[in-house]
Structures are given as C-alpha cells and as structure tokens.
Amino acid sequence: MHFKENFDIPEEIVYLNSPSNGLLPKETKAWRMVWDKEFFDTQGSFRDQQPEFIADVKETVAKFFHSEIKSTFLIPNFSFGYSTLIDLLPRHYSYLVLTDEYPSLQYPIVNRRLKHTVIKPEEHVEQAIEQAIDEYNPDVFIVSIVQYITGLKIDLEFIQRLKRRNPSLLIIADGTQFLGTEPFNFKQSGIDALAGSGYKWLLSGYGNGFLLMSDGLTRRLQNILSDVPLPKVAMWKHKGILNTFFEPGHQETLSHGTLKQSLLKLEELGLENIQQHIQQVTQEAYQLLAERNLLLPEIKEREVRSSLINIQVDPQLYDQLTKAGAICFPRGTGIRIGIHLYNDISDVHRLIEIIDKLR
Ligand SMILES: Cc1ncc(COP(=O)(O)O)c(C=O)c1O
C-alpha cells in the first residue's frame, strides 16, 4: 500500500514523531484552507450552521469507533474529558493505575487526593493488573492502551476478559497513543469510558478529542446526577445532563471538522489495510532493533506490541538524529519513535542506518 502519497513528506525526512503529533493527510489540509475561508466569509452561512456541523462530526466519530451517538462527546482534548469524568464519580471510589502513566491520566487522581494504588508495568503487565485487582479491589482501573514512554500496549482481549470477570469494575482508558492504528470497536471492548485527543495517530491536529461511554457507565452517572434539574432555558433545552458537563460550550468547527475529515480519510484507506501495513513495517523495526539489543526489556518478549517504540540509545543523540533527518523525540531512557501508515520499510532502514552511524 502506498499510503505515503497521501501526505506531504519531504524526501530528506523520515517522520517518526506520530507519538508527539501526527501528520495531516493532504486532503485534510486542503479542506482546512477552504473551510476557514468560507466559514469567515461575512456573507456566508456556515457560522450559523455550527450546531448541525458539530452534530455531523459526532456522528462520524461514533460510527468510526462503534459507539452510541448519545454517549459520544466531543471534547477539546483527552485531559479535559477525563478530568471532567473523574469529577463526576463518587469521591470514595478507589483507583488502580500504572506507574509512569501520562500525567493527565495520573495526576488528576493525585491532585484530587483520591485513593489509589500504583503498580509497575512489567513484561506480564496483564497478570500484575489482575493480581492487583484481586488484592486491592479498586472501583476504577485507569489505563492508557499504549503507554506514552515505553510503548507498552495492553492486550485488548485481556480488557474484555477483565470486564467480564469484574462487571462492576469501571475501566477508563486513554486511546490517544493507539486509536488510528487499527480497527477498534468500542461497544465490544469492555471499556466503560474511552477518551482521546486527535492530534497524534488520528492525524487531526490540535483542539479536538472525544469521550465514548458505555451504557453501564452512562446509566451510573445519570443515577448519580438524578437529583440535578435539567436546564430549562431554551438554549440548553436539548442538552442531556452529561452534555452539560462534557460539552458545556460552543465547539470549534475547524478543529473538530479536521477530525471528521481525517477519520473519513482513514476509513477510505481502510483501517484493516492500515493495521496490516503498520504491523509489517513495525515488525521489521522490532527485528532490527532486537538484533542490536536496543529494545526495552519489558517490551522485548511481549506478544502484544504497539507501533510506538522506545529505542534504547542515549536520549542525547536526539539532536544528531534530527539533524540526520530522523524526526523523533527523547523520552524516558531512550528515543521514542512511532511507525504510522506514512512510514514504510525504507524509513526503518534509513533510521537504522543513521543509528548505526551514531552509536
Ligand atoms: C498517553 C497519552 N494520552 C493523552 C495524550 C494527550 O492528551 P492531551 O491532548 O489532553 O494533552 C498524550 C500526549 O502525549 C499521551 O501520550
């Protein structure tokens, strides 16, 4: 598959920085230019159609992830949606979280002084999670599907089993470093709330995100809020109680529209094709890095692996790597790369060549 031709990538660059921010498809960029111009045309009517436009984006998001429209919320970023959700849950709830999680996932538990247990993700992280749930009996398990520093990916079949075995446990997941790399069905996932920002693997720039909620959690929250009167004023009459928290104000059409355009593009290219392509390229990278002993020990032997890889070279090589055209980022004990649809095997070979020269 020649996914690369859908993106503007200069010859001298190997773009491996999707875990920081992903590239926008050419078509999405073109759409943004036209939209912004027409939207602010004084004589145009787009500005008045803002609510319908946002409703349309929401429909696209819900279809893309297989969630219910009524339990899909458009948010400006992961952090807003997640912390708003945490604030709606009873304060006595206890949380289970992995060490070194993305700060916006872990810190809201700390700064709100909520009861929590932290466990270290190792090679057998799923086993450790299961044991911790048996031992501490938390009300909520919060987790990034793909960890932002190490690239550790939680087995999604494990999440389904976990939910089946512990139906009352709330599973709140962050999909920001994962969604966009393969097909994903929220309804079947066992996850109660899944939030994400669109600017990385979903190729959608900043300012857009989404929160998807299961029927069970939606009902639980509606019960918790059952004594709150619904807004009566005409302007807010259509809002459900959860919308008043997650979607309190007007949403930006350019950024949410960008998300819609990129989701349509990903659908057109086919998420299964994208998954296959990423797997093939990623496998080559894992193999060449393993031969050089450059993988994190907790990732090396895992069967479930992501396309976010932390290469165990000195993070201080960052400047030289960038100068040589490999766009990446220093994180933790190494250099973080991401392999997305616009990367191919030749990118991996170019990166390995650069690393071999610098080491
Ligand atoms: C695991 C993870 N979640 C979420 C985000 C983004 O969240 P936000 O856009 O709210 O900063 C990132 C960005 O680095 C991330 O790595």
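## Remarks on the overall build of the protein chain
Reasoning step 1: Scanning the protein chain for helices and strands turns up 13 helices and twelve strands.
Reasoning step 2: Relative to the 2.2 N^0.38 estimate, which gives 21 Å for 359 residues, the radius of gyration of the protein chain is 21 Å and therefore close to what a compact globule would have.
Reasoning step 3: Seen through its principal axes, the protein chain has C-alpha atoms that stretch 65 × 60 × 35 Å.
Reasoning step 4: Long-range contacts, defined here as pairs at least 24 residues apart, represent 69% of the contacts in the protein chain between residues at least 6 apart.
Reasoning step 5: For the protein chain, the computed accessible surface area is about 16900 Å², with 50% contributed by carbon and sulfur atoms.
Reasoning step 6: Taking the average location of the 38 positive side-chain charges in the protein chain and that of its 46 negative ones, the two points are 4 Å from each other.

## Overview of the pairing of strand β12 (residues 334-338)
Reasoning step 1: Burial runs high along β12: five of the five residues are buried.
Reasoning step 2: Relative to β12, strand β9 (residues 308-311) runs antiparallel, the two being bridged by four bridges. Pairing of Asn310 across the sheet is with Arg336, part of β12.
Reasoning step 3: One ladder, built from three bridges, connects strand β11 (residues 329-331) with β12; its direction is antiparallel. Residue pairing in the sheet places Arg331 in a bridge with Gly334 of β12.

## Here's the deal with the domain arrangement of the protein chain
Reasoning step 1: Parsing the protein chain into structural domains produces domain 1 (3-24 + 270-358) and domain 2 (29-267).
Reasoning step 2: Opposite the 35 residues of domain 1 that make contact, domain 2 presents 33 residues.
Reasoning step 3: Taken together, both faces of the contact between domain 1 and domain 2 bury some 2800 Å²; the carbon and sulfur share is 61%.
Reasoning step 4: It is Leu24, Leu271 and Arg302 that lose the most area in domain 1 upon contact with domain 2, and together they represent 25% of the buried surface on that side.
Reasoning step 5: For the interface between domain 1 and domain 2, the tally reads two salt bridges.
Reasoning step 6: Put simply, Lys29 and Asp8 hold a salt bridge, and the shortest N to O gap is 2.9 Å.
Reasoning step 7: Applying the counting criterion to the domain 1 and domain 2 interface returns 15 residue pairs in polar contact (both at pLDDT 80 or more).
Reasoning step 8: Listing elements by their share of the side of domain 1 that touches domain 2, those giving two or more residues are α10 (271-291), α11 (297-300), β9 and β12.
Reasoning step 9: The residue inventory of the side of domain 1 that touches domain 2, partitioned by class, reads 14 nonpolar, 13 polar and eight charged.

## Regarding the site of the ligand
Reasoning step 1: Within the structure, the ligand sits among Asn77, Phe78, Ser79, Tyr102, Ser144, Tyr148, Asp174, Thr176, Gln177, Ser197, Tyr199 and Lys200.
Reasoning step 2: Within the side chain of Tyr102, one N or O atom sits 2.9 Å away from an oxygen atom of the ligand.
Reasoning step 3: At 2.7 Å, a side-chain N or O of Ser197 approaches an oxygen atom of the ligand.
Reasoning step 4: With the chains in place, 92% of the 400 Å² that the ligand exposes on its own is no longer accessible.
Reasoning step 5: A class-by-class count of the residues in the shell around the ligand yields four nonpolar, six polar and two charged.

## Looking at the sheet that holds β12
Reasoning step 1: Within the open sheet, the three strands sit side by side as β9-β12-β11. Their pairing is antiparallel. Both edges of this open sheet fall to β9 and β11, since each of them pairs with a single strand only. The sheet shows a mean angle of 40 degrees between the axes of neighbouring strands, direction not considered.

## Regarding the side chain of Asn208
Reasoning step 1: Structurally, Asn208 is set in the loop between β7 (193-197) and β8 (209-213).
Reasoning step 2: Within the structure, the side chain of Asn208 is placed 2.9 Å from the backbone oxygen of Ser204, a separation counted as a polar contact.
Reasoning step 3: When residues no more than four places from it in sequence are discounted, the contact partners of Asn208 are Ile75, Pro76, Asn77, Ser197, Gly198, Ser255, His256 and Leu259.

## A look at the pattern of salt bridges
Reasoning step 1: Throughout the structure, instances matching the rule amount to 17 salt bridges.
Reasoning step 2: Here Glu126 and Arg302 are joined by a salt bridge, their closest N and O atoms 2.8 Å apart. Residue Glu126 is found in helix α5 (residues 125-136), and its partner Arg302 is found in the loop between α11 and β9; the two are separated by 176 residues along the sequence. In terms of burial, Glu126 and Arg302 fall into one category: buried.

Definitions and limits used
- Residues numbered from 1 in each chain as written.
- Predicted model: local features only at pLDDT ≥ 70, side-chain atom pairs only at ≥ 80, totals over all residues.
- Heavy atoms only, no water.
- Helix = DSSP H or I, 4+ residues; strand = E, 2+ residues; numbered from the N terminus.
- Rg over C-alpha atoms; globule rule 2.2 N^0.38 Å.
- Contact = heavy atoms within 4.5 Å.
- Areas by Shrake-Rupley, 256 points an atom, 1.4 Å probe, with all protein chains shown as cover.
- Lys, Arg positive; Asp, Glu negative; His and termini not counted.
- Charge placed at Lys NZ, Arg CZ, Asp CG, Glu CD.
- Buried < 20%, exposed > 50% of the residue type's maximum accessible area, 1.4 Å probe, protein only.
- Pairing = 2+ DSSP bridges.
- Domains from an automatic or database assignment.
- Buried area = accessible area lost by both parts, 1.4 Å probe.
- Salt bridge = Lys/Arg side-chain N within 4 Å of Asp/Glu carboxyl O.
- Polar contact = N/O pair within 3.5 Å; in protein donor to acceptor, adjacent residues only side chain to side chain.
- Nonpolar A, V, L, I, M, F, W, Y, C, P; charged D, E, K, R; others polar.
- Near = heavy atom within 4 Å.
- Axes fitted to C-alpha atoms, helices over the stretch in contact; angles between N-to-C directions.

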